[in-house]
Protein chains: 2
Amino acid sequence: MSRSEHPETPPLSAATFHILLALAGGDRHGYAIGKEVEEQTAGAVSLGPGTLYRILKQLTIDAWIAEIDSADDEHERRRTYRLTSRGRAIAQAEARRLDALVSVARARRLLPALAR
Amino acid sequence: MSRSEHPETPPLSAATFHILLALAGGDRHGYAIGKEVEEQTAGAVSLGPGTLYRILKQLTIDAWIAEIDSADDEHERRRTYRLTSRGRAIAQAEARRLDALVSVARARRLLPALAR
DNA sequence: GACAATGCATCCATTATGGATATAATCCAT
DNA sequence: ATGGATTATATCCATAATGGATGCATTGTC
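Please read all numbers here as calculations on a predicted model, not as lab measurements.

Caption draft 1: Spatial organisation of the protein's contact with DNA strand D. Taken together, 26 residues lie around DNA strand D, and A:Arg54, B:Tyr31, B:Arg77, B:Arg78 and B:Arg79 are the ones closest in. The contact atoms of DNA strand D, taken as those within 4 Å of the protein, divide so that sugar and phosphate hold 64%. Take B:Gly30: an N or O atom from its main chain is 3.3 Å from a phosphate oxygen of DNA strand D. Between DNA strand D and B:Tyr31 there is a distance of 2.5 Å, counted from a phosphate oxygen to a backbone nitrogen or oxygen.

Spelled out as structure tokens, the structure:
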């Protein structure tokens, strides 16, 4: 992540989208995001600490996420993040892109037709 | 692409999945695959020649795709590829992974609820 | 109190990608 | 038919992105 900014338009890197998606589920600190991605993907996707904390730093700079005061005084070390409206908009755009991709996969019978 | 084999399990790189997805639509030669990806994604995703031909070579080695005889005698230079059953199975697995991801995005209101 | 798990940070080797470059065939307009 | 744009593949290189190692400190558990 030597680039100063993420591209404003999709595609996002898989790691970046997973982080935004985790935060779309509520405020979380870095380590919790990493754990959630692992659980959500049944271990298929795991972000190394290098990837995880580097991207969090950059996303904060780009204001796609913001660090917030954690109400938890017991864990001073934690840095808790929240998705910004900008970050949400970008995550939505990426979600739409992936949805379109899945639709093509369905049309080409890589996935079963939608139940109705 | 110095690795001798792609991972058998998702996640695939975005470029690899786009190539497999294009071939799921029928036999195509490399250049046509690149064009289709660009059109299908409205220009958002474009594979450089380095990425495109390198991956095609590796996918052939891994037998996820196979080079077939083109019926077209007018274009000797073309190399036409076909998805193998193995390649199709892997593309299916990746499509399922993405579909699950999209479902999470939908549950978190990054996408509108499914129409019924 | 010992030990594992949590939590963040940085560095480094590896991997993946895009773009430049090269080469050649095909298509199309003139 | 000729000249230029497009098609088509291949390789090289600089850059970007990733994972894992390492370090260090805190929190939870027995």
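Let's pick the thread back up.
Caption draft 2: Structural context of the protein's contact with DNA strand C. In the neighbourhood of DNA strand C, 25 residues make up the surrounding shell, with A:Tyr31, A:Arg77, A:Arg78, A:Arg79 and B:Arg54 lying closest. Sugar and phosphate atoms represent 64% of those atoms of DNA strand C found within 4 Å of the protein. A distance of 2.6 Å separates a phosphate oxygen of DNA strand C from a polar atom in the backbone of A:Arg79. Between B:Arg77 and DNA strand C, the recorded distance is 3.3 Å, taken from a side-chain N or O atom to a base oxygen. The set of elements that each furnish at least two residues to the surface near DNA strand C consists of helix H2 (30-40) and helix H3 (49-61) of chain A together with helix H3 (49-61) of chain B. Its residues assigned to classes, the surface near DNA strand C shows seven nonpolar, 10 polar and eight charged.

Caption draft 3: Structural context of the sheet that holds strand E2 (residues 65-68) of chain B. All names here are of chain B. The antiparallel open sheet is built from three strands, whose spatial order is E1-E3-E2. Sheet topology places strand E1 (28-29) and E2 at the edges, where each strand pairs with a single neighbour. By the bridge criterion, two bridges tie E1 to strand E3 (residues 80-83) in an arrangement that is antiparallel. The residue bridging His-29 from the neighbouring strand is Thr-80, located in E3.

Caption draft 4: Focus on the side chain of A:Arg108. Within the secondary structure, A:Arg108 is located in the segment after helix H4 (85-107). Polar contacts involving the side chain of A:Arg108 include one to the side chain of B:Glu36, which spans 2.8 Å. With residues up to four places along the chain from it excluded, the contact list for A:Arg108 reads B:Leu21, B:Ala22, B:Ala24, B:Gly25, B:Arg28, B:Glu36, B:Gln40 and B:Arg88.

Caption draft 5: Inspection of the environment of B:Tyr81 at higher detail. All names here are of chain B. If you trace the backbone, Tyr-81 turns up in strand E3. Overall, the relative accessible area of 7% leaves Tyr-81 in the buried class. Put simply, Tyr-81 and Asp-27 are 54 residues apart on the chain and 5.6 Å apart in space, counted from C-alpha to C-alpha.

Caption draft 6: Structural view of the nonpolar core. If you look at the biggest cluster of nonpolar residues, it comprises 62 residues, and the most contacted ones within it are A:Ile19 and B:Ile19. In contact with A:Ile19, other than residues within four places in its own chain, are A:Ile33, A:Leu47, A:Leu52, A:Ile55, A:Leu56 and A:Leu59.

Caption draft 7: A look at the interface of chain B and chain A. The partner chain A presents 31 residues to the 31 residues of chain B that form the contact. Summing both partners gives a buried area of about 2,600 Å² for chain B against chain A, and 65% of it is carried by carbon and sulfur. Among the residues chain B hides against chain A, the three largest losses belong to B:Leu101, B:Arg108 and B:Leu110. Together they make up 27% of the total. Applying the counting criterion to the chain B and chain A interface returns four salt bridges. The residue B:Glu36 makes a salt bridge to A:Arg108 at a minimum N-O spacing of 2.8 Å. The tally of links from chain B across to chain A stands at six residue pairs in polar contact (both at pLDDT 80 or more). Contributions of two or more residues to the side of chain B that touches chain A are made by helix H1 (14-23), helix H2 (30-40) and helix H4 (85-107) of chain B. Tallying contributions element by element places H4(B) first for the side of chain B that touches chain A, with 13 residues.

The rules behind these values
- Residues numbered from 1 in each chain as written.
- Chains lettered and ligands numbered in written order.
- Predicted model: local features only at pLDDT ≥ 70, side-chain atom pairs only at ≥ 80, totals over all residues.
- Heavy atoms only, no water.
- Near = heavy atom within 4 Å.
- Polar contact = N/O pair within 3.5 Å; in protein donor to acceptor, adjacent residues only side chain to side chain.
- Helix = DSSP H or I, 4+ residues; strand = E, 2+ residues; numbered from the N terminus.
- Nonpolar A, V, L, I, M, F, W, Y, C, P; charged D, E, K, R; others polar.
- Pairing = 2+ DSSP bridges.
- Contact = heavy atoms within 4.5 Å.
- Buried < 20%, exposed > 50% of the residue type's maximum accessible area, 1.4 Å probe, protein only.
- Core = buried A, V, L, I, M, F, W, Y, C linked by side-chain atoms within 4.5 Å.
- Buried area = accessible area lost by both parts, 1.4 Å probe.
- Salt bridge = Lys/Arg side-chain N within 4 Å of Asp/Glu carboxyl O.

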